[in-house]
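Take a look at the letters that make up each chain.
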Amino acid sequence: MSVSTVAAAQSVCAPLPVLGRDVTVPLVTGGEVTYAALDYAASAPALQRVWDDVAAYAPYYGSVHRGAGYLSQLSTDLFENARRTVAEFLDCRDDDQVVFTRSTTDSLNLLAAALPAGCQVFVFETEHHASLLPWRDARVTYLDAPRSPRQAVETLERALADRDPYGPALVCVTGASNVTGELWPVRELAAAAHTHGARIVLDAAQLAPHHPVSVEDLDVDWVAFSGHKLYAPFGSGVLAGRADWLREAEPYLAGGGASRKVTRRADGGVDVEWHDSAARHEAGSPNVIGAYAVASACKALTEAGFDTLVAREQYLVGKVREGLADVPQVRFLSLFGDDAPRVGVLSFVVEGWNSSHFAAALSAEYGIGVRDGLFCAHPLVRTLLGSDPQTQGECGSPEAAPGEKSLNAIRVSFGAGTPDEHVERFVRAVRELVTDGAQWNYRTEDGRCVPDTSA
């Protein structure tokens, strides 16, 4: 380990307590081991603090905005206080709205449904599918993957300069890639968008759990993120930002809670007056426990201090990169270069290995959970692999023999709850698998590579 890494280790905090930190899993080779959850980019484990807060509130649960009873009033206050906590966490402007949704995907689909008529959307091919696909009723311009932050800004500026300057436009961009972990130049992209009369929405699903996100400082129009990546369970998400497009759009869902007044007309029909607050897009009984969990996570991360959390995460990134620097078979994927700033997300391929086979061996033989595949970012991973779509071979079969080039990769990701031992075990496991190979035979079952226990 380098001197710089040792120095960093001495200045960072211990991991935050999370659920599942003591869970053990069986190994195919015999015995059990504490599970190393290194798939934070998909779903981060819930903070113990969040779980405790939710458990303390659960006996007082009541339906919000509905009843006159004490529990209903208590839950309503808690729900609206959660909205204010999220607004503070995101450093929202005074007139911004915070809408609770199910996820980042739900948030961006909500915004897509609220676009003004004729809106043109600009989105890089590097986006997660949650950002790439919701804009089905708009004119969409897909931008090629940039190879530097500067090129990203220049590409967007050229595209916006060529658009019809009189219609509405929206730029959708990630804050941190879910594939490479690289940080995007959000502030500069926002400036470019606004210079050309466009608005911008930030997909902060991978950014908000790792870095502070300020709507005002970044000057973005909307931010979307998911609770399940922010150390909060229960399927909640957030769309926060400017109110005008949301206020003018038809409700995302029609029903109770979104409607302010409903009356029958003389002809037998129904007239509806919709709310113009965030409630307009929160029809039905809201997920008050999920909203409270998100707010609890926001408080916990703020109190822990992002400077400290970022320092620890960069220390862990350094352990991975330094630990595998002398393993030439391992190639990390990157758009902006190996030295580009990033969050705790790293994707790689291993020469001579099918990626699904490698990930299965990490799980079965070492108790390490990572992700393999295309990570719901198919165009980006194909670009990074420099490969046209191919038929993927069967792991553990002749088609997956050493040297096979499979159209997928392996992703390791971590965060505030990751202990050093999990990262150290991962580095050791990668080195051993590359040097010695797997200790077990594997086969493909229902599209997944699994240990062959038939013998």
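First things first, this report covers the structure right here in the doc.

1. Remarks on the overall build of the protein
Moving on, step 1. A count of helical and extended segments in the protein gives 14 helices and 19 strands.
Moving on, step 2. Over its C-alpha atoms the protein spans a radius of gyration of 23 Å, differing by no more than 12% from the 23 Å that the globule rule assigns to 455 residues.
Moving on, step 3. Referenced to the eigenvectors of the C-alpha coordinate spread, the extents of the protein come out at roughly 80 × 55 × 50 Å.
Moving on, step 4. Scored against the burial criterion, the 455 residues of the protein give a buried share of 55%.
Moving on, step 5. A fraction of 71% describes how many contacts in the protein between residues 6 or more apart in sequence connect residues 24 or more apart.

2. Digging into the nonpolar core
Moving on, step 1. Formed by 86 residues in total, the largest nonpolar core has its most connected members in L90 and F225.
Moving on, step 2. Per-element accounting of this core gives the leading share, eleven residues, to helix α10 (residues 288-304).
Moving on, step 3. Filtering out sequence-adjacent residues up to four positions away, F225 remains in contact with V86, L90, S103, T104, S107, A204, A205, A208, L230, G237, V238 and V294.
Moving on, step 4. By size, the runner-up hydrophobic cluster in this structure holds 35 residues, among which are L324, F358, V430 and L433.

3. Some remarks on the environment of H422
Moving on, step 1. Among the structural elements, H422 can be located in helix α14 (residues 420-436).
Moving on, step 2. Sequence spacing of H422 and L316 is 106 residues, and the spatial spacing of their C-alpha atoms is 9.9 Å.
Moving on, step 3. When residues no more than four places from it in sequence are discounted, the contact partners of H422 are T34, Y35, A36, A37 and L38.
Moving on, step 4. Within the structure, H422 has its side chain in polar contact with the backbone oxygen of Y35 (distance 3.5 Å).

4. Re the side chain of R342
Moving on, step 1. Considering the arrangement of structural elements, one finds R342 in the loop between β13 (330-332) and β14 (345-350).
Moving on, step 2. Given a relative accessible area of 4%, R342 falls into the buried group.
Moving on, step 3. For R342, the side chain forms a polar contact with the main-chain oxygen of T180, separated by 3.2 Å.
Moving on, step 4. Not counting the four nearest positions on each side in its chain, R342 is found in contact with T180, G181, E182, L183, Q314, V317, R321, L333, S334 and G337.

5. Details of helix α6 (residues 149-161)
Moving on, step 1. Here α6 is 13 residues long and its end C-alpha atoms lie 19 Å apart, about the 18 Å a rise of 1.5 Å per residue gives.
Moving on, step 2. Buried residues along α6 sit against β5 (120-124), β6 (139-143), β7 (169-174) and α7 (186-195).

6. Some words on the sheet that holds strand β16 (residues 371-373)
Moving on, step 1. In spatial order, the strands read β13-β14-β17-β16; together these four strands make up an open sheet with antiparallel pairing. The open sheet has two edge strands with one neighbour each: β13 and β16. When strand polarity is set aside, the average angle formed by the axes of neighbouring strands in this sheet is 30°.
Moving on, step 2. In this structure, β14 lies alongside strand β17 (residues 409-413), joined through four bridges in antiparallel fashion. Residue pairing for β17: S347 is matched across the bridge by R411.

7. Digging into unusual backbone geometry
Glycine aside, negative phi is the norm for most residues, and most peptide bonds take the trans geometry.
Moving on, step 1. Non-glycine residue D91 carries a positive phi angle of around 55°.
Moving on, step 2. Among the secondary structure elements, D91 is positioned in the loop between α3 (70-89) and β4 (97-101).
Moving on, step 3. The exposure class assigned to D91 is partly exposed, which follows from its relative accessible area of 33%.

8. Structural notes on the environment of H275
Moving on, step 1. Relative to the helices and strands, H275 resides in the loop between β12 (270-274) and α10.
Moving on, step 2. C-alpha separation for the pair H275 and D137, spaced 138 residues apart in sequence, amounts to 24 Å.
Moving on, step 3. For H275, the contacting residues outside a window of four places in its chain are G257, A258, S259, R260 and R280.

9. Section: the sheet that holds β6
Moving on, step 1. Taking strand neighbours across the sheet as the criterion, the seven strands line up as β4-β10-β9-β8-β7-β5-β6 in an open arrangement whose pairing is mixed. Of all strands in the sheet, those bounded by a partner on one side alone are β4 and β6. Put simply, the sheet's adjacent strands are angled 20° from each other on average, direction ignored.
Moving on, step 2. Two elements, strand β8 (residues 199-203) and strand β9 (residues 222-226), share three bridges in a ladder whose sense is parallel. Directly across from D203, in β9, lies its bridge partner A224.

What counts as what
- Residues numbered from 1 in each chain as written.
- Predicted model: local features only at pLDDT ≥ 70, side-chain atom pairs only at ≥ 80, totals over all residues.
- Heavy atoms only, no water.
- Helix = DSSP H or I, 4+ residues; strand = E, 2+ residues; numbered from the N terminus.
- Rg over C-alpha atoms; globule rule 2.2 N^0.38 Å.
- Buried < 20%, exposed > 50% of the residue type's maximum accessible area, 1.4 Å probe, protein only.
- Contact = heavy atoms within 4.5 Å.
- Core = buried A, V, L, I, M, F, W, Y, C linked by side-chain atoms within 4.5 Å.
- Polar contact = N/O pair within 3.5 Å; in protein donor to acceptor, adjacent residues only side chain to side chain.
- Expected span 1.5 Å × (residues − 1).
- Pairing = 2+ DSSP bridges.
- Axes fitted to C-alpha atoms, helices over the stretch in contact; angles between N-to-C directions.

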